[in-house]
Amino acid sequence: MSDITFEIILDHYRNPRNYGELGDATVKVRDSNPLCGDVVEVYLKIGGDGRVEKATFKGRGCAISQAAASMLIESIQNKHVDEIVKLGKQDIFDMLGMEVGPARIKCALLALKALKTAVYGFLGKKMDEEELS
Amino acid sequence: MGRVSLLNVDEIRGDFPIFSRQVGGRPLIYLDSAATSQRPRQVVEAVRRYYEEYNSNVHRGVYSISVEATEEYERARRKISRFINAKSEREVVFVRGTTEALNLVAYAWALRKLRKGDKILLTEMEHHSNIVPWQLIAQHTGAEINYIPFNRYDGKLELDKLDRYKDFKILSFTYASNVLGTINDAKRLVKYAHENNALAVIDAAQAVPHMRVDVQEIGCDFLAFSGHKMLGPTGIGVLYGRRELLEEMQPFMGGGEMIREVHLSHSTWNEVPWKFEAGTPNVAGAIGLGAAVDYLERIGMERIREHEESLTKHALDEFEKIKGMRIYGPLEAGERAGLIAFNVADIHAHDLATLLDEDGICVRAGHHCAMPIHTKLETPATTRASFYLYNTHEEIERLTESIKKAAKKFKIT
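Residues numbered from 1 in each chain as written. Chains lettered and ligands numbered in written order. Predicted model: local features only at pLDDT ≥ 70, side-chain atom pairs only at ≥ 80, totals over all residues. Heavy atoms only, no water.

What about the overall build of chain B?
Along chain B, the regular secondary structure elements total 13 helices and 17 strands. In summary, chain B has a C-alpha radius of gyration of 22 Å against a globular reference of 22 Å for 413 residues, a match within 12%. Referenced to the eigenvectors of the C-alpha coordinate spread, the extents of chain B come out at roughly 75 × 55 × 30 Å. Counting across all 413 residues of chain B, residues that qualify as buried make up 60%. Sequence-distant contacts in chain B: of pairs separated by 6 or more residues, those separated by 24 or more amount to 72%. (Helix = DSSP H or I, 4+ residues; strand = E, 2+ residues; numbered from the N terminus. Rg over C-alpha atoms; globule rule 2.2 N^0.38 Å. Buried < 20%, exposed > 50% of the residue type's maximum accessible area, 1.4 Å probe, protein only. Contact = heavy atoms within 4.5 Å.)

So, in C-alpha cells, the structure goes:
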C-alpha cells in the first residue's frame, strides 16, 4: 500500500463523511463482521424515482472497514438504485486505491454488503451472496 | 540488547525448520504461540516414525506393530502423567484439546449431577471454551452461572470478594488468561472450591506449555490442556481427572474402545481412562505430544518460564515508551504469562496486525475468543503478542520498532 493511499484511508477513518443516523431514512441496514468486530449501519432516503436523495452511515471498527464505508456512501449520493446494485468488490478496491487480500476482504466489503442489502430490501428482492464474492 | 538469555535460543531455533523461512523477504517473527506453537523436528519426526514404521491401530491388535503402536501410545500417556505429576497415568484422558476436555467434564459430570437452581461458578476472564459448555449445561439443567469479576485496571480476579459465592457445585477457572496474561492463584481457588464441597476444574491451556504445573500440589479435580500450544501436534489434548471422579463418571461419547461388553440391550464400560476414549484415538497426535513433552523437559520448564518472563519484562519496558499504548492485565512480568494484549491510540487491532505483518511479524488481533473480557475492557479488539522458548530479545526490539512505525503512520505523535 502506498503512502498516499494510506493517507486517504486514514483521512476517511478519522473524518468519516456523511456520518450519523438519518431520521427519515426509507431503509436502514446494520451489518457486522465478527472477525474484527466491525459494525456498519447504512441509512438511505430513496425518492419515488428510485434515486438516493441522501445516504449516511454509522459504524466503528478498523480503518479499512470505516474508510470503505465513508468512500462508498459518499459515492452513492443521488445515484439510482439500479446503479447501486451493480457495484461490486472491484469498485471498493478502486475507491480504496488498493486490492485487499483475503485476510481483510470482509472488512473492505462490509459497507457494500450492508448497502446492497438495504437496496435489495427496498426493491423487495433478496441479495445473492455470490455478488460479493 | 545486552540481555542474557537463560536458554540457548539459537540452538532451540535450529530445531524449528519454520524459522528458516522468510515472509515477504523478511525473517519470520512468530509471536502467536498462545494461539498455537511451532513444532520442533523431534515432534514431526516422532509422528513420521509412527506413520512410516509402525502405523496400525492401537489396543487389541495381536500382531507386532500394533503392539508397538499401543506401547508408544501408552508410553506417551505415562510421560504426560509424569509431566503434570498425576498420581497415575490412568488419570490422563486423551482428547482433541482443551475445548473437548472441558466439554467432557460438562457433559459427563455436570449434565448428570446438576439440578435446577444449582450454581456453576466461573470467572469473567474465561475463554469462550470455558463459558459456552457451561451455558449449554445450564440450559439443559436449569443451573445458574455466576462469575467472579476481575479488576479492569490490574487484570486480577477480585479474590477479596470470593466469599460472596457460596453453594456452588463446580468452580471452573483459567490458570492463565489468554488475553490479560494474569496467572491466577490456582491453589487458593481450588482450596476455596473444596471448602465449599465443590469441584475445581482448571483450564490450563496457557499454563501447562509455559510453566511447571503439578496437579497434586494444586489439588484440582480436573485440568485441561492442548498439545498444539506446547510444541505438539494439533488435534490432541489432555483431560487430567482425579481417578475416583473418572471412575464414578459415565462416558462422554459411546463407541468402540470405550466398552467392556456390548449386548443388544445394554453395555458395560472399559476401565478409565479408556472409558472416555471412544473410537480410534489420535495415535500420531499422542505420540507427537509425548515427544513434545520430552523436548520441553529436556530444556526444563523452570528455564522456559524464566526466559518468557524476561521477554515479557523487556516488551513491557519497551511498550511503556510508546505513545498511546494501552496494555491490558498486570504490569509486573512476574504476575503474567508470556503474552501481552494491547492497543495503540485509535489504531484498530486488525490494522495494526496488518501493518506488523508487512514486517514479517505474526501477532493475533481480535477478541481472542474472550468477548466478555473485551466488553469489560470496553474495546472490541486487542492486538496480542505472545512468547515462547524460541523467541528472542531481538524479536521484541523488532516488534517495538514495527509498532512505532505503525503509530507514526497513523500520525500518533
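Back to the write-up after that little detour.
Some thoughts on the domain arrangement of chain B
Residue and element names in this part refer to chain B. Splitting chain B by domain gives domain 1 (9-30 + 300-409) and domain 2 (44-298). Taking only C-alpha atoms into account, the centre of domain 1 sits 28 Å from that of domain 2. At the junction of the two partners, domain 1 supplies 35 residues and domain 2 supplies 35 residues. Regarding the contact of domain 1 and domain 2, the summed buried area is about 2800 Å², with carbon and sulfur atoms giving 57% of it. A per-residue breakdown of the area domain 1 buries against domain 2 is headed by Met301, Ile373 and Lys376, which together make up 25% of the total. Counting across the domain 1 and domain 2 interface gives 5 salt bridges. As a salt-bridge pair, Arg298 and Asp15 come within 4.0 Å of each other at their nearest N and O atoms. Counting residues per element, the ones that place at least two in the side of domain 1 that touches domain 2 are α10 (301-319), β14 (339-344), α12 (371-377) and β17 (382-386). Sort the elements by how many residues they give to the side of domain 1 that touches domain 2 and α12 lands first, with 6 residues. Split into classes, the residues belonging to the side of domain 1 that touches domain 2 amount to 19 nonpolar, 6 polar and 10 charged. (Domains from an automatic or database assignment. Buried area = accessible area lost by both parts, 1.4 Å probe. Salt bridge = Lys/Arg side-chain N within 4 Å of Asp/Glu carboxyl O. Nonpolar A, V, L, I, M, F, W, Y, C, P; charged D, E, K, R; others polar.)

Details of the side chain of Asp38(A)
With respect to the helices and strands, the residue Asp38(A) is situated in strand β2 (residues 38-46). There is no salt bridge for the buried Asp38(A), and the closest opposite charge comes from Arg104(A), which lies 5.7 Å off by N-O distance. In this structure the side chain of Asp38(A) is engaged in a polar contact, spanning 2.9 Å, whose partner is the backbone nitrogen of Cys62(A). Once residues within four sequence positions are removed from consideration, Asp38(A) is found in contact with Asp31(A), Ser32(A), Asn33(A), Arg60(A), Gly61(A), Cys62(A), Ser65(A), Cys107(A), Leu110(A) and His348(B). (Lys, Arg positive; Asp, Glu negative; His and termini not counted. Polar contact = N/O pair within 3.5 Å; in protein donor to acceptor, adjacent residues only side chain to side chain.)

Regarding the sheet that holds strand β5 (residues 119-123) of chain B
Residue and element names in this part refer to chain B. Reading across from one edge, β4-β10-β9-β8-β7-β5-β6 is the order of the 7 strands in this open sheet, with mixed pairing throughout. The open sheet terminates on both sides in strands that have one partner only, identified here as β4 (92-95) and β6 (144-148). Strand-to-strand twist across the sheet, computed as the mean angle between neighbouring axes with direction ignored, equals 20°. Here β4 pairs with strand β10 (residues 237-241) via 4 bridges, running antiparallel. Note on β10: the bridge partner recorded for Phe94 is Val238. Across the sheet, helix α4 (residues 98-113) is in contact with β4, β7 (168-174), β8 (199-203), β9 (222-226) and β10; its angle to β9 comes to roughly 150°. (Pairing = 2+ DSSP bridges. Axes fitted to C-alpha atoms, helices over the stretch in contact; angles between N-to-C directions.)

Some details on the packing of helix α4 (residues 89-96) of chain A against helix α5 (residues 105-123) of chain A
Residue and element names in this part refer to chain A. Where α4 contacts α5, the axes come no closer than 10 Å and their chain directions differ by 105°. Relative to α5, α4 is oriented roughly perpendicular. Touching Lys89, Ile92, Phe93 and Leu96 of α4 are Ile105, Ala108, Leu109 and Leu112, all from α5. Of the residues in the contact of α4 with α5, the class split is 7 nonpolar, no polar and 1 charged. (Parallel < 35°, antiparallel > 145°, perpendicular 65-115°, else oblique.)

What about the packing of aromatic side chains?
Applying the stated criterion to the full structure yields 14 aromatic pairs over all chains. Ring geometry for Tyr19(A) against Phe57(A): centres 5.3 Å apart, planes inclined by 85°, an arrangement best described as edge-to-face. Of this pair, Tyr19(A) sits in the loop between α1 (3-14) and β1 (27-33) while Phe57(A) sits in strand β3 (residues 52-60), and the two are 38 residues apart along the sequence. Residue Tyr19(A) is classed as partly exposed on the basis of its relative accessible area, which comes to 42%. When its relative accessible area of 0% is taken as the criterion, Phe57(A) is described as buried. With a centroid separation of 5.9 Å and 45° between ring planes, the pair formed by Phe16(B) and Phe19(B) is classed as tilted. Each of the two residues, Phe16(B) as well as Phe19(B), counts as buried. Across the ring face of Phe150(B), the terminal group of Lys376(B) is positioned such that the distance to the ring centre comes to 4.8 Å. Residue placement shows Lys409(B) over the ring face of Phe6(A); its charged tip is 4.8 Å from the ring centre. (Phe/Tyr/Trp six-rings, centres within 6.5 Å; stacked < 30°, edge-to-face > 60°. Lys NZ or Arg CZ within 6 Å of the ring centre and 35° of its normal.)

Remarks on the environment of Lys376(B)
Residue and element names in this part refer to chain B. Mapped onto the secondary structure, Lys376 falls in helix α12. On a C-alpha basis, the gap between Lys376 and Asp163 in space is 22 Å, while along the polypeptide they are 213 residues apart. With residues near it in sequence (within four places) discarded, Lys376 still touches Glu124, Pro149, Phe150 and Arg152.

As for the nonpolar core
By size, the foremost hydrophobic cluster in this structure holds 80 residues, and its most contacted members are Tyr175(B), Ile202(B), Leu223(B), Met230(B), Leu231(B), Leu389(B) and Tyr390(B). No other element matches the 11 residues that helix α9 (residues 283-299) of chain B contributes to this core. When residues are assigned to domains, this core turns out to be shared by domain 1 (9-30 + 300-409) and domain 2 (44-298) of chain B, each giving three or more. Not counting the four nearest positions on each side in its chain, Met230(B) is found in contact with Ser37(B), Phe83(B), Val208(B), Pro209(B), Phe225(B), Leu289(B), Ala292(B), Val293(B), Leu296(B) and Tyr388(B). In terms of nonpolar packing, the next biggest core, distinct from the first, is built from 78 residues, Cys36(A), Ala68(A), Met127(A) and Phe410(B) among them. (Core = buried A, V, L, I, M, F, W, Y, C linked by side-chain atoms within 4.5 Å.)

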